[in-house]
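Residue-level structural notes
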Amino acid sequence: MNYRQIMKDGLWDQNVVFSQMLGMCPTMAVTTSGTNGLGMGLATMAVLICSNMIIAAIRDFVSPQVRIPVYIVLIATLVTIVDMSLNAWMHDLYRVLGLFIALIVVNCAVLGRAEAFASRNSVIASALDGLGMGLGFTIALTLIGLIRELIGAGTLFSQASLLLGPNFAFLETTVLPNYGGVLMMILPPAGFLVLGLLLAAKRLYERHAARTAETVSQPAATPAVGCH
Amino acid sequence: MTPAFITTAPPTAPHAITANSVSTVMLTVAAALLPATLYGFWLYGWPSIFLWLITVLAALFGEALCLKLAGRQALPALFDGSALLTGWLLAISLPPWSPWWIGLLGGLFATILAKQVFGGLGYNLFNPAMVARVFLLISFPVQMTIWIAPLPITAATAPGFHDGLLILLHGIPKLDAVASASLLGFAKTELSRGIDLVHSLVAATAPANAFSGVRAGSLGETATILIAGGGLALLFLRIISWHIPVAMLVGIALPATIANSIDPARYLDATSHLLSGGAMLGAFFIATDYVTSPNTKAGQLVFGAGCGFLTYVIRTWGGYPEGVAFAVLLMNALTPVIDRYIRPRILGRNWRGAPLDPATQKVKS
């Protein structure tokens, strides 16, 4: 298995949010600001890396008949650890994300990677897959959160120091001072709106890239015709 | 009918050909809105004219942009009048002195995100104008609830062409001098202050003012009589059928009458409900949208009654004083369900689709 391809899959080709459309519940619910998206993404990534590694390590001992309960118990244990750690050390963030941290257990992305990747690959490859998928998830959530926060409240990464410590207070920027705000962007409908528009943008870019690649590989052929 | 009447052979079974096309229907509806809109222009002056213009242009621009992006020919779809009508309906449901960006955002939102994203005319699940209005109301609750008292364009204190532009660009100066409350908003505020309707409404505008339209509100809700007149003209021209408007107005009036007769101090009377807010505009022009309402007559009755009843519920117990837009959107979402359960009876079969015996008209055993 090509490690580079694993990372590329996680970040772009098989991105949890933008390609696999998994984990929609946290994607919609917590992306009201960049900081919330980042926190949720990092927590999910931690669970994903650990669960992938453990499941890859025990893949030869678990019979196919009982694999789902085993995975669930493992993931639930890891999520509980993350949940309690956040509650202990980042209590303010926990008050925002609290409900959704526990729900990482049923995040399809975590169970999906256990089933599709970790249960049939080596520990190192699985750890890398967890990292790639987790990073892809984090980037997607942060991006959606930033867009919603910018349009909705005119700020970027507000309260980032709660998550990352006082050293990261410089991230907190107010882009538009005296901004009245667009309340709907903070409310759930905008989660769907922004996700849909980003999906459309990704498809558009991929189609454009494929067409460019086609033109480059066949210079003699007629250039790609537009939609007109 | 003589055989000579049929000039060309129908392609298959006899079809009645109508002269109606999409643009005929849309432009007829626009013409029916014209008297109320012009009267609204007169009442609210230049700022409202600019707002109407910018909203309609934004809606047309959004439509053209999406058609261009989708690689379709923009001009035919642009001139079918549907985007014009969407922008128009949105514009006359806004507070007449709103700032320019309210109209711009609303118009773009209506045609791009509420209509073209779903595939354009005929594919949208929800009424585009109402989606945009709800988006604006939720996003900008302050700007969307500033109602000004009417200030006819001929009045000495009314803003002229230049001042009207300034109001559009910079907002309303000396807001307290012109701001007012719509009847529904007023009733709700007074109730929450613990003053019952019997006392609060003595000072308020009586429903009679609703007919002349000299009261605070959007362009499309002040002159109830002109809106209803336009709606009746559409009925007469058979652009719309009576089912949705009548069902919707009954859906508002019936619970209002019952509640008012039980406790007049707590619940507004039916006349006030029918003549306030977007009730008439909603019943005749918005709920009757072909695309987002059910296909069968029985289904339309259910749809209209649902719109009316939900409007009453939201107005009376909801957080917002007006509920027509929310009610129409909720019933739009139910339209596929209504169409699934209420279907036309096929000739020779009963409602459930079981074949009938031609002789007895009973289900064959």
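Cut-off values and rules
- Residues numbered from 1 in each chain as written.
- Chains lettered and ligands numbered in written order.
- Predicted model: local features only at pLDDT ≥ 70, side-chain atom pairs only at ≥ 80, totals over all residues.
- Helix = DSSP H or I, 4+ residues; strand = E, 2+ residues; numbered from the N terminus.
- Contact = placed C-beta atoms within 7 Å.
- Buried ≥ 20, exposed ≤ 12 C-beta atoms within 10 Å, placed from the backbone.
- pLDDT = per-residue confidence, 0-100.
- Axes fitted to C-alpha atoms, helices over the stretch in contact; angles between N-to-C directions.
- Parallel < 35°, antiparallel > 145°, perpendicular 65-115°, else oblique.
- Left-handed = near helix turned anticlockwise from the far one by under 90°.
- Nonpolar A, V, L, I, M, F, W, Y, C, P; charged D, E, K, R; others polar.
- Arc of directions from axis to C-beta.
- Core = buried A, V, L, I, M, F, W, Y, C linked by C-beta atoms within 7 Å.
- Expected span 1.5 Å × (residues − 1).

Description of the overall build of chain B
When you go through chain B residue by residue, the secondary structure sums to 17 helices and two strands. Sequence-distant contacts in chain B: of pairs separated by 6 or more residues, those separated by 24 or more amount to 75%.

Details of the overall build of chain A
When you go through chain A residue by residue, the secondary structure sums to ten helices and two strands. A principal-axis box enclosing the C-alpha atoms of chain A has dimensions of 55 × 55 × 30 Å. Relative to its full complement of 228 residues, chain A shows a buried share of 38%. Partitioning the contacts of chain A with sequence separation of at least 6, the portion at a separation of at least 24 is 76%.

Observations concerning the confidence of the model for chain A
Close inspection of predicted coordinates is inappropriate in any region flagged by low pLDDT. The pLDDT averaged across chain A works out to 86; a share of 95% of its residues lies at or above 70. This stretch, residues 220-228 of chain A, has a pLDDT under 50; its non-local contacts, to residues over four places away or in other chains, come to six contacts.

Quick word on the confidence of the model for chain B
All names here are of chain B. Taken as a whole, chain B shows an average pLDDT of 82; of its residues, 83% reach a score of 70 or greater. No element of chain B has a lower mean pLDDT than helix 10 (residues 208-212), at 53, and none a higher one than helix 4 (residues 100-113), at 94. Every residue in residues 1-6 scores below 50 in pLDDT, and together they form zero contacts with partners more than four places removed in sequence or on other chains. For this predicted complex, the interface confidence reaches an ipTM of 0.81, while the overall pTM sits at 0.84.

Some remarks on the packing of helix 3 (residues 34-57) of chain A against helix 6 (residues 108-116) of chain A
Residues and elements named next belong to chain A. The N-to-C vectors of helix 3 and helix 6 enclose an angle of 25 degrees; their axes lie 10 Å apart at closest approach. The angle between helix 3 and helix 6 places the two elements in the roughly parallel class. As helix 3 runs across helix 6, the sense of the crossing is right-handed. Here helix 3 contributes Val47, Leu48, Ser51, Asn52 and Ile55 to the contact with helix 6, which in turn contributes Val110, Arg113 and Ala114. Class assignment of the residues belonging to the contact of helix 3 with helix 6 gives a composition of five nonpolar, two polar and one charged.

Notes on helix 5 (residues 91-102) of chain A
Owing to its 3.6 residues per turn, the α-helix brings residues three or four apart onto one side. All names here are of chain A. Every buried residue belonging to helix 5 is among Leu93, Tyr94, Leu97 and Ile101, and all of these are buried. Viewed along the axis of helix 5, the buried residues span an arc of 110 degrees, placing them on a single side of the element. Of the residues in helix 5, the exposed ones pointing more than 90 degrees away from the buried face are Arg95 and Leu99. The inward-facing, buried residues of helix 5 abut helix 3, helix 4 (67-89) and helix 8 (160-164).

So, the interface of chain A and chain B
At the junction of the two partners, chain A supplies seven residues and chain B supplies six residues. Per-class residue counts for the side of chain A that touches chain B are six nonpolar, one polar and no charged.

A few points about unusual backbone geometry
All names here are of chain A. Even without being a glycine, methionine 21 presents a positive backbone phi close to 55 degrees. Its location among the elements puts methionine 21 in the loop between helix 1 (3-13) and helix 2 (24-29). Here the phi dihedral of phenylalanine 157 falls at roughly 50 degrees; this positive angle occurs in a residue that is not glycine. Assignment of secondary structure puts phenylalanine 157 in the loop between strand 1 (155-156) and helix 8.

Re the packing of helix 4 of chain A against helix 5 of chain A
Residues and elements named next belong to chain A. Where helix 4 meets helix 5, the closest approach of the two axes is 9 Å, and the angle between their N-to-C directions is 160 degrees. Taken together, the axis directions place helix 4 and helix 5 in an arrangement best described as roughly antiparallel. Helix 4 and helix 5 meet at a crossing whose hand is left-handed. Here Val79, Val82, Asp83, Leu86 and Asn87 of helix 4 lie close against helix 5, whose contacting residues are His91, Leu93, Tyr94, Ile101 and Ala102. Class assignment of the residues belonging to the contact of helix 4 with helix 5 gives a composition of seven nonpolar, two polar and one charged.

Regarding the nonpolar core
Among the nonpolar cores identified, the biggest contains 141 residues, and Val47 of chain A together with Met130, Val131, Ala132 and Val328 of chain B are the most heavily contacted of them. Among the elements that make up this core, the one with the highest residue count is helix 1 (residues 22-69) of chain B (17 residues). Setting aside residues no more than four positions away along its own chain, valine 131 of chain B makes contact with Ala110, Ala114, Phe126 and Leu329 of chain B.

Quick word on the environment of methionine 84 of chain A
All names here are of chain A. Mapping methionine 84 onto the fold places it in helix 4. Overall, the presence of 12 C-beta atoms within 10 Å leaves methionine 84 in the exposed class. The sequence separation of methionine 84 and glycine 98 amounts to 14 residues, and the corresponding C-alpha distance is 9.8 Å.

Quick word on helix 7 (residues 123-153) of chain A
Residues and elements named next belong to chain A. Counted at 1.5 Å a residue, the expected span for helix 7 with its 31 residues is 45 Å, and the 43 Å between its end C-alpha atoms agrees. Among the 31 residues of helix 7, 23 are classified as buried, and the element is accordingly described as predominantly covered. Positioned one or two residues after helix 7, glycine 154 has a phi angle of 80 degrees, which is positive.

Thoughts on the environment of valine 106 of chain A
All names here are of chain A. Counting through the fold element by element, valine 106 comes out in the loop between helix 5 and helix 6. Residue classification places valine 106 among the partly exposed residues on the basis of 14 C-beta atoms within 10 Å. Along the primary structure valine 106 and valine 79 are separated by 27 residues, whereas in three dimensions their C-alpha atoms are 10.0 Å apart.

Side note on the environment of glutamine 116 of chain B
Residue and element names in this part refer to chain B. If you trace the backbone, glutamine 116 turns up in the loop between helix 4 and helix 5 (128-139). We classify glutamine 116 as buried; it has 25 C-beta atoms within 10 Å. What glutamine 116 contacts, discounting residues up to four positions off in sequence, is Glu63, Cys66 and Thr111.

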